[in-house]
Amino acid sequence: MDNPDSLENLRNRINTFVTERDWAQFHTPKNLAMAMIVEAAELVEHFQWDTPIESQNLTPEKRVAVSHELADTFVYLLRLAEVLQINLIEAANQKIDLNAQKYPIEKAKGSNAKYTEYL
(Lines give C-alpha, C1' and ligand atoms only; values in the text may rest on other atoms or scores of the structure.)
Protein backbone atom coordinates (compact mmCIF):
# COMPACT_ATOMS: atom_id res chain seq x y z
CA MET A 1 0.00 0.00 0.00
CA ASP A 2 1.64 3.25 -1.15
CA ASN A 3 -0.18 5.68 1.12
CA PRO A 4 -2.53 4.14 3.69
CA ASP A 5 -4.16 7.55 4.18
CA SER A 6 -5.10 8.04 0.53
CA LEU A 7 -8.71 8.17 -0.54
CA GLU A 8 -8.01 5.60 -3.25
CA ASN A 9 -6.59 3.09 -0.76
CA LEU A 10 -9.55 3.59 1.55
CA ARG A 11 -11.97 3.04 -1.34
CA ASN A 12 -10.13 -0.15 -2.26
CA ARG A 13 -10.21 -1.35 1.34
CA ILE A 14 -13.96 -0.69 1.58
CA ASN A 15 -14.57 -2.44 -1.76
CA THR A 16 -12.60 -5.49 -0.58
CA PHE A 17 -14.51 -5.53 2.71
CA VAL A 18 -17.84 -5.42 0.84
CA THR A 19 -16.81 -8.05 -1.73
CA GLU A 20 -15.54 -10.50 0.90
CA ARG A 21 -18.92 -10.36 2.63
CA ASP A 22 -21.02 -10.39 -0.56
CA TRP A 23 -22.72 -7.16 0.49
CA ALA A 24 -22.72 -5.40 -2.89
CA GLN A 25 -26.17 -6.90 -3.49
CA PHE A 26 -27.49 -4.71 -0.65
CA HIS A 27 -25.61 -1.56 -1.62
CA THR A 28 -28.15 0.18 -3.80
CA PRO A 29 -27.95 3.97 -3.90
CA LYS A 30 -31.19 4.15 -1.90
CA ASN A 31 -29.93 1.84 0.83
CA LEU A 32 -26.53 3.53 1.05
CA ALA A 33 -28.03 7.03 1.19
CA MET A 34 -30.42 5.93 3.93
CA ALA A 35 -27.63 4.25 5.90
CA MET A 36 -25.48 7.38 5.60
CA ILE A 37 -28.28 9.55 6.96
CA VAL A 38 -28.84 7.15 9.87
CA GLU A 39 -25.16 7.41 10.76
CA ALA A 40 -25.27 11.21 10.41
CA ALA A 41 -28.23 11.24 12.80
CA GLU A 42 -26.22 9.17 15.27
CA LEU A 43 -23.47 11.78 14.98
CA VAL A 44 -25.92 14.59 15.72
CA GLU A 45 -27.08 12.81 18.87
CA HIS A 46 -23.66 13.41 20.43
CA PHE A 47 -24.21 17.18 20.17
CA GLN A 48 -27.97 17.36 20.67
CA TRP A 49 -28.01 19.05 24.07
CA ASP A 50 -24.53 20.54 24.09
CA THR A 51 -23.91 24.24 24.24
CA PRO A 52 -21.79 25.63 21.41
CA ILE A 53 -18.80 25.67 23.77
CA GLU A 54 -19.38 22.06 24.89
CA SER A 55 -19.60 20.94 21.27
CA GLN A 56 -16.14 22.41 20.65
CA ASN A 57 -14.54 20.85 23.73
CA LEU A 58 -15.19 17.12 23.59
CA THR A 59 -14.13 14.75 26.32
CA PRO A 60 -11.72 12.05 25.13
CA GLU A 61 -14.53 9.46 25.30
CA LYS A 62 -16.93 11.62 23.34
CA ARG A 63 -14.24 12.42 20.76
CA VAL A 64 -13.83 8.67 20.11
CA ALA A 65 -17.59 8.15 19.80
CA VAL A 66 -17.90 11.13 17.43
CA SER A 67 -14.96 9.86 15.36
CA HIS A 68 -16.71 6.51 14.93
CA GLU A 69 -19.93 8.15 13.72
CA LEU A 70 -17.98 10.39 11.35
CA ALA A 71 -16.18 7.33 10.02
CA ASP A 72 -19.45 5.44 9.52
CA THR A 73 -20.94 8.40 7.63
CA PHE A 74 -17.77 8.80 5.55
CA VAL A 75 -17.62 5.11 4.63
CA TYR A 76 -21.22 5.13 3.43
CA LEU A 77 -20.56 8.33 1.46
CA LEU A 78 -17.53 6.76 -0.23
CA ARG A 79 -19.45 3.58 -0.96
CA LEU A 80 -22.38 5.53 -2.44
CA ALA A 81 -20.00 7.48 -4.68
CA GLU A 82 -18.37 4.20 -5.72
CA VAL A 83 -21.69 2.58 -6.64
CA LEU A 84 -22.77 5.68 -8.59
CA GLN A 85 -19.31 6.07 -10.16
CA ILE A 86 -18.91 9.64 -8.91
CA ASN A 87 -15.43 10.99 -8.31
CA LEU A 88 -15.88 12.79 -5.00
CA ILE A 89 -12.72 14.88 -5.34
CA GLU A 90 -13.84 16.11 -8.75
CA ALA A 91 -17.41 16.69 -7.56
CA ALA A 92 -16.25 18.58 -4.47
CA ASN A 93 -13.97 20.82 -6.52
CA GLN A 94 -16.80 21.56 -8.97
CA LYS A 95 -19.14 22.38 -6.07
CA ILE A 96 -16.57 24.71 -4.48
CA ASP A 97 -16.29 26.51 -7.83
CA LEU A 98 -20.09 26.87 -7.98
CA ASN A 99 -20.21 28.10 -4.38
CA ALA A 100 -17.49 30.65 -5.12
CA GLN A 101 -19.78 32.09 -7.79
CA LYS A 102 -22.81 32.08 -5.46
CA TYR A 103 -20.86 33.50 -2.54
CA PRO A 104 -18.37 36.08 -3.82
CA ILE A 105 -15.99 37.23 -1.10
CA GLU A 106 -17.10 40.85 -1.25
CA LYS A 107 -20.72 39.86 -0.49
CA ALA A 108 -20.31 36.77 1.67
CA LYS A 109 -17.30 37.51 3.90
CA GLY A 110 -18.36 37.34 7.55
CA SER A 111 -21.99 36.69 6.67
CA ASN A 112 -24.08 33.58 7.13
CA ALA A 113 -26.81 34.79 4.74
CA LYS A 114 -27.87 32.52 1.93
CA TYR A 115 -26.82 33.82 -1.47
CA THR A 116 -30.45 34.47 -2.44
CA GLU A 117 -30.71 36.98 0.41
CA TYR A 118 -28.11 39.39 -0.95
CA LEU A 119 -28.58 39.12 -4.70
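Described below are features of the structure shown in this document. Values in this document were obtained by computation on a predicted structure and should not be read as measured data.

### Thoughts on the side chain of His27
In step 1: Tracing the backbone through its elements, the reader meets His27 in the loop between α1 (7-20) and α2 (29-45).
In step 2: At a separation of 2.8 Å, a polar atom in the side chain of His27 contacts the side chain of Arg79.
In step 3: With residues up to four places along the chain from it excluded, the contact list for His27 reads Val18, Leu32, Arg79 and Val83.

### As for the environment of Ala65
In step 1: With respect to the helices and strands, the residue Ala65 is situated in helix α4 (residues 60-84).
In step 2: Considered as a pair, Ala65 and Asn15 are 50 residues apart in the sequence and their alpha carbons are 24 Å apart.

### A word on the environment of Tyr115
In step 1: Positionally, Tyr115 belongs in the segment after α6 (105-108).
In step 2: Note on Tyr115: relative accessible area 21%, which makes it partly exposed.
In step 3: C-alpha separation for the pair Tyr115 and Leu84, spaced 31 residues apart in sequence, amounts to 29 Å.
In step 4: Once residues within four sequence positions are removed from consideration, Tyr115 is found in contact with Lys102 and Tyr103.

Definitions and limits used
- Residues numbered from 1 in each chain as written.
- Predicted model: local features only at pLDDT ≥ 70, side-chain atom pairs only at ≥ 80, totals over all residues.
- Heavy atoms only, no water.
- Helix = DSSP H or I, 4+ residues; strand = E, 2+ residues; numbered from the N terminus.
- Polar contact = N/O pair within 3.5 Å; in protein donor to acceptor, adjacent residues only side chain to side chain.
- Contact = heavy atoms within 4.5 Å.
- Buried < 20%, exposed > 50% of the residue type's maximum accessible area, 1.4 Å probe, protein only.

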